[in-house]
Number of protein chains: 2
Amino acid sequence: MSVDGFVAGLGQDEEHPLGVGASALHEWIFETRTGRGFIGGEGGETGVDDDLVAAGFDGIGATIMGRNMFGPVRGDWATMPWLGWWGPNPPFHHRVFVLTNFGRDPIEMEGGTTFHFVTEGPEAALTLAREAAGDLDIRLGGGAATVRQFLDLGLIDRMHIAVVPVLLGSGERIFDGAGPSGYTCTSYVGTPRVAHYHFAPQSA
Amino acid sequence: MSVDGFVAGLGQDEEHPLGVGASALHEWIFETRTGRGFIGGEGGETGVDDDLVAAGFDGIGATIMGRNMFGPVRGDWATMPWLGWWGPNPPFHHRVFVLTNFGRDPIEMEGGTTFHFVTEGPEAALTLAREAAGDLDIRLGGGAATVRQFLDLGLIDRMHIAVVPVLLGSGERIFDGAGPSGYTCTSYVGTPRVAHYHFAPQSA
């Protein structure tokens, strides 16, 4: 997230997965060993940033994401044979549940990733993800609208927000209007590139 | 500012200068030596947080603030003889220009602070503050609406944003709708209590 609260830019298209001008939000990830490995690269730094990127993959048995995180295609899927941003072998290696208003058959990719398309809303996606994940955790990938939906429904147990030192000026916000209530900060660490915050419901 | 973007809570009154539930935003200030001195206390920590609080006072020759930062009184001043939150000897020790829709005679306090009430808007306040400050800097104290006005007018040369690891859930935002454009981060440092960001216009 930028300091002014944006988690993605506007104008998402095939060349701008995060929207125009928002790539600065993810640069720190690709400086880490885990982040670089995520996109098939080598090297990268270890340390706190890397540990926290890795924590987003360790012990995850299913992922939920919104349609815009899956791709820039809008409307009926027939208009474009989109298979996600991540190539033939996506770095999830588990079932991924994509929230959408347009049904589509599951897509089995290489490496154990299968994309499922859920038209019945967040709670239905969570039920399916729970079955898929078993005892493992479920990651809510994003984007902004999907996180807001799950926050509003009280379905988020742990939230990691990484704030990068930029002002984007426009884009998509997680926190808009009223913010989430009842969350407490369970850890905060500032590194040279990012301020990392973890939040959990106060009762947890 | 909270992680969800609030710089003050709702429901400001005489007992809640920052609005209800928002005192967590300022706690770190009163852990510093300078912040504690600001309210007439002793002790407090030195270090980065303290240095940055002190930087908000050093070399400042005038302060501009919105009416809500000056007090919880609304409407005509005659309804309440409000002299600010800061007691008979406010910690400014220079001229303070309060933006308001209701004119009022200047109030000369102890210790060199005089409150002036400006009804002609932000640019008029800035002109008066420039005359008062001479070669020194002008501090824009807040609150949220006042900072937004000055940002929209492009009148802010340097901006220090201190993000504390809390989610407030409601309150007043600096960054709402579109954020400011054309600002770049000139420094960022994370301390155990706060992430400090400095921004300046890209051309500066």
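Anything mentioned here points back to the structure above.
Residues numbered from 1 in each chain as written. Chains lettered and ligands numbered in written order. Predicted model: local features only at pLDDT ≥ 70, side-chain atom pairs only at ≥ 80, totals over all residues.

Caption draft 1: View of the nonpolar core. If you look at the biggest cluster of nonpolar residues, it comprises 98 residues, and the most contacted ones within it are Val98 and Val163 of chain A together with Val98 and Val163 of chain B. Leave out the neighbours within four places in its chain, and valine 98 of chain A touches Met65, Arg67, Phe70, Phe115, His116, Phe117 and Val118 of chain A. (Core = buried A, V, L, I, M, F, W, Y, C linked by C-beta atoms within 7 Å. Buried ≥ 20, exposed ≤ 12 C-beta atoms within 10 Å, placed from the backbone. Contact = placed C-beta atoms within 7 Å.)

Caption draft 2: Local environment of the relation of the copies chain B and chain A. Once chain B has been moved 0.0 Å along the axis and rotated by 180°, it coincides with chain A to within an RMSD of 0.0 Å. On this basis, the relationship between the two copies can be described by a two-fold rotation axis. When C-alpha distances to the rotation axis are compared across chain B, the minimum falls at glycine 190 of chain B, with a value of 2.2 Å. When the interface residues of chain B are mapped onto chain A, 100% of them are again interface residues, pointing to one common binding face. (Least-squares fit on C-alpha atoms with pLDDT ≥ 70 in both.)

Caption draft 3: The interface of chain B and chain A, seen in detail. Taken together, the contacts link 25 residues of chain B with 25 residues of chain A. Of all the secondary structure elements, the ones that give two or more residues to the side of chain B that touches chain A are strand E7 (159–163), strand E9 (183–190) and strand E10 (195–201) of chain B. Considering each element in turn, the side of chain B that touches chain A owes the most residues, 4 residues, to E9 of chain B. Considering only residue class, the side of chain B that touches chain A consists of 17 nonpolar, 7 polar and 1 charged. (Helix = DSSP H or I, 4+ residues; strand = E, 2+ residues; numbered from the N terminus. Nonpolar A, V, L, I, M, F, W, Y, C, P; charged D, E, K, R; others polar.)

Caption draft 4: Structural detail: the sheet that holds strand E3 (residues 95–99) of chain A. Residue and element names in this part refer to chain A. The 5 strands lie next to each other as E4-E5-E3-E2-E6, forming an open sheet whose pairing is mixed. If you trace the sheet from one side to the other, it starts and ends with strand E4 (107–108) and strand E6 (137–142), each paired once. Where E4 and strand E5 (residues 114–118) come together, 2 bridges link them in antiparallel fashion. Across the sheet, residue isoleucine 107 finds its bridge partner in E5, namely phenylalanine 115. Lying over the sheet, helix H5 (residues 122–133) contacts strand E2 (60–66), E3, E5 and E6, oriented at roughly 160° with respect to E2. Packed onto the sheet, helix H6 (residues 144–152) meets E2, E3 and E6 and runs at close to 130° relative to E6. (Pairing = 2+ DSSP bridges. Axes fitted to C-alpha atoms, helices over the stretch in contact; angles between N-to-C directions.)

As far as function goes, none of this settles anything; it's purely spatial.
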